[in-house]
Number of protein chains: 2
Amino acid sequence: MSYFDAASAAPLHPVARQALQASLDEGWADPARLYREGRRARLLLDAAREAAADAVGCRPDELVFTSSGTRAVHSGIEGALAGRRRVGRHLIVSAVEHSAVLHSAEVHETAGGTTTHVPVDRAGAVSPSTYAGALRPDTALACLQSANHEVGTEQPVAAVAQACRAAGVPLLVDAAQSLGWGRVEGDWSLLTASAHKWGGPSGVGLLVVRKGVRFAPQGPLDERESGRAAGFENIPAVVAAAAALRAVRAQAAVEAARLRELTDRIRTRVPELVTDVEVVGDPARRLPGIVTFSCLYVDGESLLHELDRAGFSVSSGSSCTSSTLTPSHVLKAMGVLSEGNVRVSLPPGTPSEDVDRFLSVLPAAVSAVREKLGAPTAPRTASAPSGALVLDALGKLCPIPVIELAGVIGGVPVGGTVRVLADDEAARLDIPAWCEMRGQEYVGEEPADRGAVYVVRRVS
Amino acid sequence: MSYFDAASAAPLHPVARQALQASLDEGWADPARLYREGRRARLLLDAAREAAADAVGCRPDELVFTSSGTRAVHSGIEGALAGRRRVGRHLIVSAVEHSAVLHSAEVHETAGGTTTHVPVDRAGAVSPSTYAGALRPDTALACLQSANHEVGTEQPVAAVAQACRAAGVPLLVDAAQSLGWGRVEGDWSLLTASAHKWGGPSGVGLLVVRKGVRFAPQGPLDERESGRAAGFENIPAVVAAAAALRAVRAQAAVEAARLRELTDRIRTRVPELVTDVEVVGDPARRLPGIVTFSCLYVDGESLLHELDRAGFSVSSGSSCTSSTLTPSHVLKAMGVLSEGNVRVSLPPGTPSEDVDRFLSVLPAAVSAVREKLGAPTAPRTASAPSGALVLDALGKLCPIPVIELAGVIGGVPVGGTVRVLADDEAARLDIPAWCEMRGQEYVGEEPADRGAVYVVRRVS
């Protein structure tokens, strides 16, 4: 079994396991107490804070441990917004942030604030000048991930931080995906991270607030962690998280080069091995271990099942996966195909042979799904050789509308159109993406009583 | 070293340690994923939920795991209040709830809600009829702990739950101190608890919301744990928490009887061994392992240090402990002495000999502190034999004002008064308590430019 979903959660690092077990005996007591067990717990907590601060590149008193990366994001955003309430209630996020950031923005809007979503290019990155253009006199906070969790693309954090600093706006960096690989460069103001992404245990996040940044913790008062993270500290987990961070950092340069070679191999080989595939994300400015691609005429959930049966654990941003009904907002913001989406995120230590084995089983897995769905192997002749064919795909979920479109396009004359009537949200993304991949013209979308009509003109 | 502060945090139970180690291999992946590692994690999480629900006496789908007991309380109160916003914005709490409840009430008030604090008797318990009298047509939520965390007194939860049910008001029970000992009886609606109180790891709380209770989770959307506890689940810790709960419950009846005998011993012997001591809390309706007493003319922090040196870890509700500046709100609400306060909370398994050793070192520890502070051993003759002596104790911290009062009271004639000018918050509690213990009359409090004047009449 090969686990290729490190971007969701990495297996516990051996160093984290040792640290966890060692600190179970010393780290269970209340670090606020003055007796011996409390003092021991406090020493462990202080040492973990120093180690984590050193890895982040901040002062220990700027860093608190939260109960998860999600909590760090929620608390960081609401605290920073509240701290600058007098300046204004405008928030900036990129369109491809983690849902923890986007859901925080929704709460902010419900409470009367406004949010600007900065768009990304087709590789998933914001442009520093576009981001800077979103800054306003009433901007209370700007948020930007260090690197994207679905496609691995690195964001221009240092340049955006510089623009924010010039405007006097604090920048919160969600460094969940990158902190194990290195410090976040640039003059950022707040930073969040999640230990189980770098091989630490679950239940530990980091929230860093630079000295001088206005910050007003929200929610009920709680004295622990400088009033920024309510609840009794989980010291053994915190110690394990800090130890794992130090351990992965020690190997980061070597391991990054090795994993980059493996993901480069996937980026190159997948389009050679599988037809109608789009590899997404920036080919160069990206995290070492993540590579993402989408397969036409495939539904993500079926492909995940095929790969699971073949011994590979990967994830998908397709709308067809069980936990979501809409396609990944990241793929949507990038304007790339979402159907048959697969994210491969290699944990440190992944053997080269596992990647080769993945490449060897992928073509059959994709073919199996396509065959089951009746995907086109060659353009079919449609029964209605008219110049304006209507395809009713109402009630059909991705990738069926695209499969049916591919099946009929050959039946209209060059210059003629197919009008696809569909109500699956993924169609809005996947039909234009299909047109781009197949060299057909996407004319546009028209309203319909149910769903929408997507108009495609046959060009070739 | 004897650790007598189980009410703060219990050492990790051996069963919890085993369960934690065993689930580190299987429980690190994302339980929302469909691949093998995710399915294994989901199985562990589901099994832990069933075990915890069985211990609570609820359905598994009524119970979610939070990142701490504090978070369970915060989320439970805000979700229940929001769910019944249309009914009204009145909240009821007892005056002796944990600070997590009281701080949630403060947030509610800041947001425009109102709170009734139900008083307690001298033993620390609410009266069911007084509690019922606080219910109003606009009451959205009522909160009552199952047992008090500082003095161990059990609350009449079943009777209060019945009154709440009759009024159609949900009752949230903070069961942090009692859940290890047994289910909470009565028809409550919501329940919270904290695993590290029963020997589970830190970082795990429980929030139970009975079916049919209106509940609207607040904060940013997050799909985990039915939308009621944001952040990636810490499954190994959750598994360990559930295993420990099951293990302590299996021994609860036997261990409760044994610890009750030990705390009875302390309740009986301490007043025999130490002069000027008040044992507080209900002598019968109480948790098995907790006993609390206060010592006149002693400051809590010094006594904790003496006991720590003698090998005992206890905590204190005195204002003199380093982490607080005001005396315990629990002791204040009970109207009992706060100075020289010691809470002994025995972990399951505490050997009988450790308690005997504690009783053997306590008198010397108290004497050492009293001697250092110049506490009276016998009434002294004051220099001012007038009928209305004024004692200026401004700027002096507890227990100095009381020590000085005791030093001068013998110098005023019977029927005469001492007017104590003091600005330490603890004086408001400790001077009346001293009067009651020494058979003197507490006349009342008068305003002053700085602090207040506490008037005491010599009766005997």
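Residues numbered from 1 in each chain as written. Chains lettered and ligands numbered in written order. Predicted model: local features only at pLDDT ≥ 70, side-chain atom pairs only at ≥ 80, totals over all residues. Heavy atoms only, no water.

## Structural notes on the side chain of Ser104 of chain A
Moving on, step 1. Structurally, Ser104 of chain A can be placed in helix H4 (residues 99-110).
Moving on, step 2. The residues touching Ser104 of chain A, leaving out its near neighbours within four places in the chain, are Val73, His74 and Ile77 of chain A together with Pro220 of chain B. (Helix = DSSP H or I, 4+ residues; strand = E, 2+ residues; numbered from the N terminus. Contact = heavy atoms within 4.5 Å.)

## Describing helix H1 (residues 14-24) of chain A
Moving on, step 1. When H1 of chain A is considered as a whole, its buried residues turn out to be Ala16, Ala19, Leu20, Ser23 and Leu24 of chain A. Within H1 of chain A, the buried residues cover an arc of 130 degrees as seen down the axis, which keeps them to one side. Turned more than 90 degrees from where H1 of chain A packs its buried face, Pro14, Gln18 and Ala22 of chain A sit exposed.
Moving on, step 2. The inward-facing, buried residues of H1 of chain A abut helix H2 (36-56) and helix H7 (235-273) of chain A together with helix H1 (14-24) of chain B. (Buried < 20%, exposed > 50% of the residue type's maximum accessible area, 1.4 Å probe, protein only. Arc of directions from axis to C-beta.)

## Some details on the pattern of salt bridges
Moving on, step 1. A full pass over the atoms with the stated rule returns 64 salt bridges over all chains.
Moving on, step 2. Glu404 of chain A is the salt-bridge partner of Lys396 of chain A, the closest N and O atoms lying 2.9 Å from each other.
Moving on, step 3. Given a relative accessible area of 23%, Glu404 of chain A falls into the partly exposed group.
Moving on, step 4. With its nearest N and O atoms 2.5 Å apart, the salt bridge here joins Arg122 of chain B to Glu278 of chain B. In this pair, Arg122 of chain B is assigned in the loop between strand S4 (114-118) and helix H5 (128-133) and Glu278 of chain B in strand S9 (residues 277-280), connecting sequence segments 156 residues apart.
Moving on, step 5. Residue classification places Glu278 of chain B among the buried residues on the basis of a relative accessible area of 13%.
Moving on, step 6. Residues participating in the shared-partner salt-bridge network are Asp5 and Arg343 of chain A together with Asp30, Arg33, Arg224 and Glu233 of chain B. (Salt bridge = Lys/Arg side-chain N within 4 Å of Asp/Glu carboxyl O.)

## Overview of the sheet that holds S9 of chain B
All names here are of chain B.
Moving on, step 1. If you trace the 3 strands from one edge of the open sheet to the other, you get S9-S10-S12, paired in antiparallel fashion. What marks the edges here is a single partner per strand, and that holds for S9 and strand S12 (341-345). Averaged over all pairs of adjacent strands, the angle between strand axes in this sheet comes to 20 degrees, irrespective of strand direction.
Moving on, step 2. Looking at chain direction, S9 and strand S10 (residues 290-295) are connected through 4 bridges and run antiparallel. Its bridge partner lying in S10, Val279 is registered against Phe293.
Moving on, step 3. Along the sheet, helix H7 (residues 235-273) contacts S9, S10 and S12; its crossing angle with S10, the most-contacted strand, is approximately 15 degrees. (Pairing = 2+ DSSP bridges. Axes fitted to C-alpha atoms, helices over the stretch in contact; angles between N-to-C directions.)

## Observations regarding unusual backbone geometry
Residues and elements named next belong to chain A.
Moving on, step 1. The linkage connecting Cys398 with the following residue, Pro399, adopts the cis geometry, with an omega of 5 degrees.
Moving on, step 2. A positive phi angle, close to 55 degrees, is found at Ser226, a residue other than glycine.
Moving on, step 3. Mapped onto the fold, Ser226 is located in the loop between strand S8 (205-209) and H7.
Moving on, step 4. Not every positive phi belongs to a glycine, and Asp276 is a case in point at roughly 55 degrees.
Moving on, step 5. Its location among the elements puts Asp276 in the loop between H7 and strand S9 (277-280).
Moving on, step 6. Asp276 gets classed as partly exposed once you look at its relative accessible area, which sits at 21%.

## Let's talk about the packing of aromatic side chains
Moving on, step 1. Scanning the model with the defined rule gives 10 aromatic pairs over all chains in all.
Moving on, step 2. On the numbers, 5.4 Å between centres and 50 degrees between planes, the contact of Phe4 of chain A with Phe312 of chain A is tilted. Of this pair, Phe4 of chain A sits in the loop between strand S1 (2-3) and H1 while Phe312 of chain A is found in strand S11 (residues 312-313), placing the two residues 308 residues apart along the sequence. Per residue, the accessibility class of Phe4 of chain A equals that of Phe312 of chain A, and both read buried.
Moving on, step 3. Ring centres of Trp28 of chain A and Tyr3 of chain B lie 4.6 Å apart, and the angle between their planes is 85 degrees; this geometry places the pair in the edge-to-face category. (Phe/Tyr/Trp six-rings, centres within 6.5 Å; stacked < 30°, edge-to-face > 60°.)

## A word on the packing of H1 of chain A against H7 of chain A
Residue and element names in this part refer to chain A.
Moving on, step 1. Here H1 crosses H7 at 150 degrees, and the two axes come no closer than 8 Å. The pairing of H1 with H7 is recorded here as roughly antiparallel in orientation. Crossing angle aside, the handedness with which H1 passes H7 is right-handed. Residues Val15, Ala16, Ala19, Leu20, Ser23 and Leu24 of H1 pack against Pro236, Ala237, Val239, Ala240, Ala243, Ala244 and Ala247 of H7.
Moving on, step 2. By residue class, the composition of the contact of H1 with H7 is 12 nonpolar, 1 polar and no charged. (Parallel < 35°, antiparallel > 145°, perpendicular 65-115°, else oblique. Left-handed = near helix turned anticlockwise from the far one by under 90°. Nonpolar A, V, L, I, M, F, W, Y, C, P; charged D, E, K, R; others polar.)

## Considering the interface of chain A and chain B
Moving on, step 1. With 51 residues of chain A at the contact, the number on the chain B side is 52 residues.
Moving on, step 2. Across the contact surface, chain A and chain B share 6 salt bridges.
Moving on, step 3. At the junction of chain A with chain B, the criterion picks out 17 residue pairs in polar contact (both at pLDDT 80 or more).
Moving on, step 4. Looking at the side of chain A that touches chain B, the elements that each hand over two or more residues are H1, H2, helix H3 (69-83), H4 and helix H8 (300-309) of chain A.
Moving on, step 5. Tallied by class, residues from the side of chain A that touches chain B come to 18 nonpolar, 19 polar and 14 charged. (Polar contact = N/O pair within 3.5 Å; in protein donor to acceptor, adjacent residues only side chain to side chain.)

## Observations concerning the pairing of strand S3 (residues 90-94) of chain B
Residues and elements named next belong to chain B.
Moving on, step 1. In terms of residue burial, S3 counts as a mostly covered element, since 5 of its 5 residues are buried.
Moving on, step 2. The side-chain alternation of S3 yields two buried faces, one formed by His90, Ile92 and Ser94 and the other by Leu91 and Val93.
Moving on, step 3. Bridging between S3 and S4 involves 5 bridges; their strand directions are parallel. Opposite Ile92, over in S4, you have Thr116 as the bridge partner.
Moving on, step 4. Note that the unit made of S3, helix H4 (residues 99-110) and S4 has a crossover that is right-handed.
Moving on, step 5. Judged from the 3 bridges that link them, S3 and strand S5 (residues 139-145) form a sheet pairing that is parallel. The residue bridging Ile92 from the neighbouring strand is Ala142, located in S5. (Right-handed = clockwise from strand over helix to strand, strands pointing away.)

## Considering the UniProt feature "domain: UPF0033" (unreviewed entry) in chain A
Moving on, step 1. The UniProt record marks residues 391-415 of chain A with the feature "domain: UPF0033" (unreviewed entry), using the residue numbering of this structure.
Moving on, step 2. Secondary structure across residues 391-415 of chain A divides into 40% helix and 8% strand, with the first and last C-alpha atoms of the span separated by 17 Å. (UniProt positions renumbered as here; feature names shortened; annotations may be inferred.)

## Considering the nonpolar core
Moving on, step 1. Counting residues in each nonpolar core, the largest one holds 62 residues, and the members touching the most others are Val56, Leu63, Phe65, Tyr131, Leu171, Trp198 and Leu206 of chain A.
Moving on, step 2. With 11 residues, H7 of chain A is the single largest residue contributor to this core.
Moving on, step 3. With sequence-adjacent residues up to four places away left out, Phe65 of chain A is seen in contact with Leu45, Ala48, Arg49, Ala52, Val204, Gly205, Leu206, Glu225, Ala229 and Val238 of chain A.
Moving on, step 4. If you look at the next biggest cluster of nonpolar residues, it comprises 61 residues, including Leu45, Ala55, Ala134 and Leu206 of chain B. (Core = buried A, V, L, I, M, F, W, Y, C linked by side-chain atoms within 4.5 Å.)

## Quick look at the domain arrangement of chain A
Residues and elements named next belong to chain A.
Moving on, step 1. Examined at the domain level, chain A breaks down into domain 1 (8-248), domain 2 (252-373) and domain 3 (388-457).
Moving on, step 2. Just the C-alpha atoms count here: the centres of domain 1 and domain 2 sit 28 Å apart.
Moving on, step 3. At the junction of the two partners, domain 1 supplies 27 residues and domain 2 supplies 25 residues.
Moving on, step 4. For the domain 1 and domain 2 pair, buried surface summed over both sides reaches about 2,100 Å², with 57% attributable to carbon and sulfur atoms. (Domains from an automatic or database assignment. Buried area = accessible area lost by both parts, 1.4 Å probe.)

## A word on the sheet that holds S9 of chain A
All names here are of chain A.
Moving on, step 1. Strand order in the open sheet formed by 3 strands is S9-S10-S12, and the pairing between neighbours is antiparallel. With one partner strand each, in any of the chains shown, S9 and strand S12 (341-345) form the two edges of the open sheet. Across the sheet, the axes of successive neighbouring strands diverge by a mean angle of 20 degrees, strand direction being ignored.
Moving on, step 2. The pairing of strand S10 (residues 290-295) with S12 spans 5 bridges and is classified as antiparallel. Residue Val291 lies in a different strand from S12, and its bridge partner there is Val344.
Moving on, step 3. Against the sheet, H7 makes contact with S9, S10 and S12, and its axis sits at roughly 15 degrees relative to S10, the strand it touches most.

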